[in-house]
Amino acid sequence: MNQNLRVRFAPSPTGPLHIGGLRTALFNYLFAKKNGGTFILRIEDTDQTRFVTGAEDYIQEALEWCGLIPDEGPRQGGGFGPYRQSERKNKYKKYALQLLGTGDAYYGFDTPEELDALRQEHESRGETFVYDARVRESLKNSLTMDKQEVDQLISSGTPYVIRFRFEPGTEIHMDDMVRGEVIVNSSTLDDKILFKSDGMPTYHLANVVDDNLMAISHVIRGEEWLPSLPLHVALYRAFGWEHLMPRFAHLPLILKPTGKGKLSKRDGEKGGFPVFPLEWHDPVSGAISPGYREEGYLPQACINLLALLGWNPGTEQEIFSLDELVDEFQLEKVGKSGSRFDPEKSLWFNHQHIQLMEESELIKAFQSVLLSSGVETTKGRIAVLVPIIKPRINFIHEIWDESWFFFHAPDAYDPEVIKKWWKEDTPQKMELLSAALEKCETLTPESVETLVKGTITENEWGMGAIMNVWRLLLVGAAKGPGLFDLAAFLGREEVIDRMAKGIKQIEDNR
Ligand code: GLU
């Protein structure tokens, strides 16, 4: 246990968690568990205007589905709570006031209308308006007004914000565990709002204050927060917390399947793959966005595929359980450049993890799929079926499609296969094969194979043609697993019945 290593996943409940967010949670979890640290969930819900009903529950459920259970969080509690910023709202103002005291922040009284007008005026000149050292001296704030006037405005209830005051022309040096040293000149930064006129802190203030109050040692988050880093570092310095500053790691973007630009919800809609862990029902529009869980992905596959978006173990190994990821994970092996999301590869991961499922679990899964299709059979029979079918599926829900003909004779026979393989002498050959099978007491995959191959050789038939029509009679189409396995599963009577039924039906329709 490393009590000093504390990381947090700090989502804002503004909608469903994107898989990029889930990957951030995963990397935080892996880093914490690998190093014996603490994984914290903090809900950053200070922006009331962006609050979305159900989003927090969604986040918690998604983490639980993946097994990324926080050590501390709104549901778990912990010694540094509360873990929802809306429940901490009284904590922040004092820090904004502290910065006013040290001269690192100032009051702004400019109304939204005034700022809008300035924005438009700049735009009409082809410029962008930024509230920074160049313009602040000419605007309505406590840097340009005398103290009496400021006090009077505040006591009369005039709305105000509190802004951070960047000293222009200084280099801010930052250290990122993924990117190395990052240097930004403060002249390029605007005086961000720390405290809003509605009495709530902004993301920046609440985030830095809480990271400090919660003794966070490492901040691991998406690359989109890198532009906020200079302000956050400047805040630590202004608060006198530089020695307590966490180490930062900004994770690379997850890119579209084309490799160009950040993976978005629209990419998922276009490509027919989910970008959310769980299905999301939009509380306002009622629109439903697909989720990995509902599409039939196993959580362990989801975790595995996300882990390899941005991190690599430095070996050829691609399949990992969560425990193996914990053992192998190193933040140093997270790359700088974005990782392309590959929907095909996601299927492959699910396929691989199905192969790794415990036999008893697979039997249960098969049993429930079969039952819902009206097939009642024994566990013993299912245990025979599992190894035959599992290599053929990417999803549990594909079981029935791949196995219905183990339980029902086909009603129809693929005309394409008939056209290609059914010849004048096919019925006669199939009858001979059927007669040979009749002599076989018990069918096992091996005994059927010996018998069928023997009959083919003896009669000097072509292997391909026979196997194709035999399959047609047993399955109705050119699909399915090995015929020797199928025939052994069906048993002698059923095989012979299917052959007779198929021969008759095909001949009758010719
Ligand atoms: N609330 C921010 C988000 O939604 C947190 C960013 C951070 O981790 O600092 O991602």
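No experiment lies behind these values; they were computed from the predicted model shown.

Rules and cut-offs
Residues numbered from 1 in each chain as written. Predicted model: local features only at pLDDT ≥ 70, side-chain atom pairs only at ≥ 80, totals over all residues. Heavy atoms only, no water. Helix = DSSP H or I, 4+ residues; strand = E, 2+ residues; numbered from the N terminus. Rg over C-alpha atoms; globule rule 2.2 N^0.38 Å. Buried < 20%, exposed > 50% of the residue type's maximum accessible area, 1.4 Å probe, protein only. Areas by Shrake-Rupley, 256 points an atom, 1.4 Å probe, with all protein chains shown as cover. Lys, Arg positive; Asp, Glu negative; His and termini not counted. Charge placed at Lys NZ, Arg CZ, Asp CG, Glu CD. Contact = heavy atoms within 4.5 Å. Near = heavy atom within 4 Å. Polar contact = N/O pair within 3.5 Å; in protein donor to acceptor, adjacent residues only side chain to side chain. Pairing = 2+ DSSP bridges. Axes fitted to C-alpha atoms, helices over the stretch in contact; angles between N-to-C directions. Patch = residues over 30% accessible without salt bridge, like charges linked within 9 Å, V, L, I, M, F, W, Y side chains within 5 Å. Salt bridge = Lys/Arg side-chain N within 4 Å of Asp/Glu carboxyl O. Parallel < 35°, antiparallel > 145°, perpendicular 65-115°, else oblique. Nonpolar A, V, L, I, M, F, W, Y, C, P; charged D, E, K, R; others polar. Core = buried A, V, L, I, M, F, W, Y, C linked by side-chain atoms within 4.5 Å. Phe/Tyr/Trp six-rings, centres within 6.5 Å; stacked < 30°, edge-to-face > 60°. Lys NZ or Arg CZ within 6 Å of the ring centre and 35° of its normal. Right-handed = clockwise from strand over helix to strand, strands pointing away.

## Overview of the overall build of the protein
Right, on to step 1. Looking only at helices and strands, the protein features 21 helices and 13 strands.
Right, on to step 2. Taking 2.2 N^0.38 as the reference for a compact globule, 510 residues should give roughly 24 Å; the C-alpha atoms of the protein span a radius of gyration of 32 Å, well beyond that estimate.
Right, on to step 3. Considered along the principal axes of its C-alpha atoms, the protein spans approximately 110 × 55 × 35 Å.
Right, on to step 4. By the burial criterion, 48% of the 510 residues in the protein qualify as buried.
Right, on to step 5. Of the roughly 24,000 Å² of accessible surface on the protein, a fraction of 50% belongs to carbon and sulfur atoms.
Right, on to step 6. Between the centroid of the 57 positive side chains of the protein and the centroid of its 76 negative side chains there is a distance of 2 Å.

## Regarding the side chain of Glu-44
Right, on to step 1. Following the sequence through the fold, Glu-44 ends up in the loop between strand S2 (38-41) and helix H2 (55-66).
Right, on to step 2. Setting aside anything within four residues of it in sequence, one finds Glu-44 in contact with Ala-10, Pro-11, Ser-12, Pro-13, Gln-85, Tyr-203 and Asn-207.

## Brief notes about the site of the ligand
Right, on to step 1. In the neighbourhood of the ligand, the contacting residues comprise Arg-8, Ala-10, Pro-11, Ser-12, Glu-44, Tyr-203, Asn-207, Arg-221 and Trp-225.
Right, on to step 2. Arg-8 is positioned with one of its side-chain polar atoms (N or O) 2.7 Å from an oxygen atom of the ligand.
Right, on to step 3. Within the side chain of Asn-207, an N or O atom sits 3.0 Å from an oxygen atom of the ligand.
Right, on to step 4. Burial of the ligand by the protein chains amounts to 85% of its free accessible area of 300 Å².

## Structural notes on the sheet that holds strand S3 (residues 105-108)
Right, on to step 1. If you walk across this open sheet you meet the 3 strands as S3-S4-S7, and the pairing is antiparallel. Across the chains shown, the open sheet's two edge strands, defined by having one partner strand only, are S3 and strand S7 (193-195). Adjacent strand axes in the sheet meet at a mean angle of 45° when their direction is disregarded.
Right, on to step 2. The pairing of S3 with strand S4 (residues 161-164) spans 4 bridges and is classified as antiparallel. When the bridges of S4 are listed, Tyr-106 appears paired with Arg-163.

## Side note on helix H7 (residues 229-239)
Right, on to step 1. Among the 11 residues that make up H7, 10 are buried, leaving the element largely enclosed by the rest of the structure.
Right, on to step 2. Phi turns positive one or two residues past the end of H7, at Gly-240, with a value near 80°.

## Thoughts on a negative patch on the surface
Right, on to step 1. Residues Asp-323, Glu-324, Asp-327 and Glu-328 make up a contiguous surface patch of negative charge.
Right, on to step 2. Here Asp-327 shows up in helix H11 (residues 322-328).

## As for the environment of Asp-342
Right, on to step 1. Residue placement: Asp-342 occurs in the loop between strand S13 (339-340) and helix H12 (343-356).
Right, on to step 2. Expressed as a C-alpha distance, the spacing of Asp-342 and Asn-312, which sit 30 residues apart in the sequence, is 16 Å.
Right, on to step 3. Of note is the side chain of Asp-342, whose polar atom sits 3.0 Å from the backbone nitrogen of Glu-344.

## Let's talk about the packing of helix H3 (residues 93-102) against H7
Right, on to step 1. For the pair H3 and H7, interaxial distance at closest approach is 10 Å and the crossing angle is 75°. Considering the angle they form, H3 stands roughly perpendicular to H7. On H7, the residues touching Tyr-95, Gln-98 and Leu-99 of H3 are Leu-235, Ala-238 and Phe-239.
Right, on to step 2. In the contact of H3 with H7, the residues fall into 5 nonpolar, 1 polar and no charged.

## Details of the nonpolar core
Right, on to step 1. Counting 110 residues, the largest nonpolar core has Leu-68 and Trp-470 as its most contacted members.
Right, on to step 2. Once you skip the residues sitting within four places of it in the chain, Trp-470 turns out to touch Met-430, Leu-433, Leu-437, Val-448, Val-452, Leu-483, Phe-484, Ala-487, Val-495 and Met-499.
Right, on to step 3. Formed by 41 residues, the second largest nonpolar core is a distinct cluster that contains Tyr-92, Ala-105, Tyr-160 and Ala-238.

## Concerning the packing of aromatic side chains
For any pair of aromatic rings, the description consists of the separation of the ring centres together with the inter-plane angle of the planes.
Right, on to step 1. Going through the model one piece at a time under the given rule, you end up with 26 aromatic pairs.
Right, on to step 2. Residues Tyr-95 and Phe-239 carry aromatic rings whose centres are separated by 5.8 Å and whose planes lie at 85° to one another, so their mutual orientation is edge-to-face. Taken together, the residues span a long stretch of sequence, with Tyr-95 in helix H3 and Phe-239 in helix H7 at a distance of 144 residues. Each member of the pair, Tyr-95 together with Phe-239, is buried.
Right, on to step 3. A centroid spacing of 5.4 Å and a plane angle of 80° characterise the contact between Trp-404 and Phe-405, whose relative ring orientation is edge-to-face.
Right, on to step 4. Accessibility expressed as a relative area gives 0% for Phe-405, which makes it buried.
Right, on to step 5. Members of the aromatic cluster, joined through ring pairs, are Trp-400, Trp-404, Phe-405, Phe-406, Phe-407 and Phe-489.
Right, on to step 6. For Arg-163, the ring lying beneath its charged end belongs to Tyr-131, and the centroid distance is 3.6 Å.
Right, on to step 7. If you follow Lys-345 out to its NZ or CZ, it ends over the ring of Trp-348, 4.8 Å from the centre.

## Concerning unusual backbone geometry
Right, on to step 1. For the peptide bond that leads from Gly-81 to Pro-82, omega is -5°, which places it in the cis range.
Right, on to step 2. By secondary structure assignment, the location of Pro-82 is in the loop between H2 and H3.
Right, on to step 3. Even without being glycine, Ala-215 reaches a positive phi, approximately 55°.
Right, on to step 4. Among the structural elements, Ala-215 can be located in the loop between helix H6 (203-213) and strand S8 (218-222).

## Focus: the pairing of S2
Right, on to step 1. Judged by which residues are buried, S2 turns out to be covered on both faces: Thr-38 and Ile-40 on one side and Phe-39 and Leu-41 on the other are all buried.
Right, on to step 2. Of the strand pairs in this sheet, strand S1 (residues 6-9) and S2 are connected by 4 bridges, and their pairing is parallel. Considered in S2, the bridge of Phe-9 is made with Leu-41.
Right, on to step 3. Each parallel crossover has a hand, and the one from S1 via helix H1 (residues 19-34) to S2 is right-handed.

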